Amino acid sequence: MSDPILDREALEDCLRLVADEAARFLAGVDEALVRPPAQPEAVDLGGTLPDEGAGSLEALRALIDASDVAATRSTGPRFFHFVVGGVTPAALAADWLTSALDQNAFNWISSPFAMRLEQISVDWLKELFGLPAAWSGALTTGATTANFTGLAAARRWWGEQHGVDVEEQGLSGLPVVPVLGSGHVHVSAVKALAMLGIGRRQVRTFEADATGNLDAHALERALRELEGSPAILIGNAGEVNAGGFDPIAQMADLAEEHGAWLHVDGAFGLFAAVTPETRHLVAGIDRAHSVCVDGHKWLNVPYDCGAAFVRDARVHQGAFAASAVYLGGEEERPVFSNFGPEMSQRARALAVWATLRAYGRSGYAAMVERHVELARRLAEQVDAEPELERLADVPLNIVCFRYRPSGLGEEELDELNRRLGQAVLDDGRVYFGTTVYGGKVAFRPAIVNWRTGPEDVDLIVPIVLELGASLAVAAG
């Protein structure tokens, strides 16, 4: 095959092939091993670039065969690692449609359809999370770029407090940007600060204990010492080790009192706002200056998707606006490429709109409530086992615990749990890795997949005990 135009007649067959294989894959994903035994290196997809192409059907069959034996079943109900959601039926189908339509969600000239859907989707997300309707917002590639977007708006605001347009003039000659938060500041926010030129080292954390909880009094003292100089606060709605929350309302009070910008990283924890049962965890979120959330976590849309919301649309747009004579303009409606780092971008709003239209506010509230209840169910099972130790409360959807047989010191327990975490991943029946919480190596299964039910969660404790016992016997 020497030219794609010669492959045109195969298009319909390609779509049928993928649709059939996707249906087969998803029909078995509930019971499948999360990590198949084969490794990607064992699948022959490499070699030199072919001079003569094989054609679309042959290429697709090779991909399907390889994915069948090597792709992680991360869309399934037993993937509890990294706070990864699945893909709802509506979102999956809409994402396929997105690829077929292949819209450039840049501006109203390139795709008025994509622009209008993003406008509606952003408004619906603000309603879902209880954010003010007047805020601006935009879809992004995920929480990292959503953090980047909110913190870029914060950087622009900070520059304005010093009388400088940092997008035009840069940061040269300005003082360092004070960035303050708890020990829960996520690496994605730190990465965003690095990309923004603020720097990783400018983050100062104030921790009340070994798990990173905020020392609010120390934070207040640090703000007071700045004597009114502008600063950026980073609050966290749902930290990744145990699902803990910073006191957002208290941080909003401090931001107002000391003239600081409050950015809240709500990658998955912002979904606490969708149900009265957990809404108190994000009290004060509407008083922040910027908020981010991940779409491919609890929204259960395909990779990649996130969203950033900013209180001041002028500052938000000022951080990203770009134009050229050939691009055209728009005065009355938002041009979403001017509210984030990308110019050309995928029309992510189709999947977001479809899943929100399909299941609505009550559907997402029901899912969050079910997952919270499943996390509590798992916590009770952990608490009932003498050889397991729960290390944290369960405010939302993550259960942090470790395997703790008697007679071992802390260093031995850490090493055992590291090996056990790898054994769980290799075993593949359920899937979650290790972290360090309060100085202890631990597990942190997170429940965010729309498919997950009691039968999936109930596998975690017996598998940990089974594999843990095997490791203990082997060590003995």
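Predicted model only: the values in this text are computed from it and were never measured.

A. Quick look at the packing of aromatic side chains. Under the defined criterion, the tally for this structure stands at 9 aromatic pairs. Where Phe-129 meets Phe-309, the ring centres are 6.4 Å apart and the plane angle is 70 degrees; that geometry is what we call edge-to-face. With Phe-129 in helix H4 (residues 112-129) and Phe-309 in strand S7 (residues 306-310), the pair connects residues that are 180 residues apart, well separated along the chain. Of the two residues, Phe-129 and Phe-309, neither departs from the other in class, the shared state being buried. With centroids separated by 6.2 Å and ring planes inclined at 50 degrees, the aromatic side chains of Phe-148 and Phe-320 adopt a geometry described as tilted. Placement of Phe-148 in helix H5 (residues 143-161) and of Phe-320 in the loop between helix H10 (313-318) and helix H11 (349-383) is noted, with a sequence separation of 172 residues between them. On the accessibility criterion, Phe-148 (15% relative accessible area) is buried. Accessibility expressed as a relative area gives 11% for Phe-320, which makes it buried. Among the aromatic residues, those joined into a ring-pair cluster are Phe-129, Phe-271, Trp-298 and Phe-309. The positively charged end of Arg-333 is found above the aromatic ring belonging to Trp-108, 4.1 Å away from the centroid.

B. Summary view of the pattern of salt bridges. On inspection of all chains with the given rule, the structure shows 35 salt bridges. The closest approach of N and O atoms between Asp-294 and Lys-297, which form a salt bridge, is 2.6 Å. Note on accessibility: Asp-294 and Lys-297 belong to one class, buried. Its salt-bridge partner being Glu-410, residue Arg-402 comes within 3.0 Å of it at the nearest N-O pair. The class for Arg-402 is buried, based on a relative accessible area of 1%. By relative accessible area, which is 39% here, Glu-410 ends up partly exposed. Among the charged side chains, a network of salt bridges with common partners joins Arg-155, Arg-156, Glu-160, Asp-165, Glu-167, Asp-312 and Arg-314.

C. The arrangement of the nonpolar core in detail. Within the largest apolar cluster, 74 residues are counted, with the highest numbers of intra-cluster contacts made by Leu-125, Phe-129, Leu-219, Leu-233, Phe-271 and Phe-309. With 10 residues, H11 is the single largest residue contributor to this core. When residues no more than four places from it in sequence are discounted, the contact partners of Leu-219 are Leu-180, Phe-206, Leu-214, Leu-233, Met-251 and Leu-254.

D. Here's a closer look at helix H2 (residues 56-70). The end-to-end C-alpha separation of H2 is 21 Å, in line with the 21 Å expected for 15 residues at 1.5 Å each. The complete set of buried residues in H2 reads Ser-56, Ile-64, Ala-66 and Ala-70. Elements that come into contact with the buried residues of H2 comprise helix H1 (11-27).

E. Molecular detail of the pairing of strand S1 (residues 136-140). Among the 5 residues of S1, 5 are classified as buried, and the element is accordingly described as predominantly covered. Judged by which residues are buried, S1 turns out to be covered on both faces: Ser-136, Ala-138 and Thr-140 on one side and Gly-137 and Leu-139 on the other are all buried. As paired elements, S1 and S7 share 5 bridges and run antiparallel to each other. Across the sheet, residue Leu-139 finds its bridge partner in S7, namely Ala-307.

F. Spatial organisation of the environment of Ala-152. As for its placement among the helices and strands, Ala-152 is situated in helix H5. Look at Ala-152 and you get buried, because its relative accessible area is 1%. Put simply, Ala-152 and Ser-290 are 138 residues apart on the chain and 9.9 Å apart in space, counted from C-alpha to C-alpha. For Ala-152, the residues in contact, after removing those within four places along its chain, are Glu-167, Leu-196, Ala-319 and Phe-320.

G. Expanded view of the sheet that holds strand S6 (residues 290-294). Read across the open sheet, the 7 strands follow the order S1-S7-S6-S5-S4-S2-S3; overall the sheet is mixed. Single-partner strands in this sheet number two, and they are S1 and strand S3 (203-205). Within the sheet, the average angular offset between the axes of one strand and its neighbour, ignoring direction, is 20 degrees. Contacting S1, S6 and S7, H4 crosses the sheet at an angle of about 110 degrees to S1. On the sheet, helix H9 (residues 248-258) packs against strand S4 (232-236) and strand S5 (261-265) and is oriented at approximately 170 degrees with respect to S4.

H. Layout of the side chain of Glu-239. Mapped onto the fold, Glu-239 is located in the loop between S4 and H9. As a buried residue without a salt bridge, Glu-239 has its nearest oppositely charged side chain in Arg-444, at a separation of 7.1 Å. Of the polar contacts made by the side chain of Glu-239, one reaches the backbone nitrogen of Asn-241; its length is 2.9 Å. Of note is the side chain of Glu-239, whose polar atom sits 2.8 Å from the backbone nitrogen of Ala-242.

How each quantity is defined
- Residues numbered from 1 in each chain as written.
- Predicted model: local features only at pLDDT ≥ 70, side-chain atom pairs only at ≥ 80, totals over all residues.
- Heavy atoms only, no water.
- Phe/Tyr/Trp six-rings, centres within 6.5 Å; stacked < 30°, edge-to-face > 60°.
- Helix = DSSP H or I, 4+ residues; strand = E, 2+ residues; numbered from the N terminus.
- Buried < 20%, exposed > 50% of the residue type's maximum accessible area, 1.4 Å probe, protein only.
- Lys NZ or Arg CZ within 6 Å of the ring centre and 35° of its normal.
- Salt bridge = Lys/Arg side-chain N within 4 Å of Asp/Glu carboxyl O.
- Core = buried A, V, L, I, M, F, W, Y, C linked by side-chain atoms within 4.5 Å.
- Contact = heavy atoms within 4.5 Å.
- Expected span 1.5 Å × (residues − 1).
- Pairing = 2+ DSSP bridges.
- Axes fitted to C-alpha atoms, helices over the stretch in contact; angles between N-to-C directions.
- Lys, Arg positive; Asp, Glu negative; His and termini not counted.
- Polar contact = N/O pair within 3.5 Å; in protein donor to acceptor, adjacent residues only side chain to side chain.

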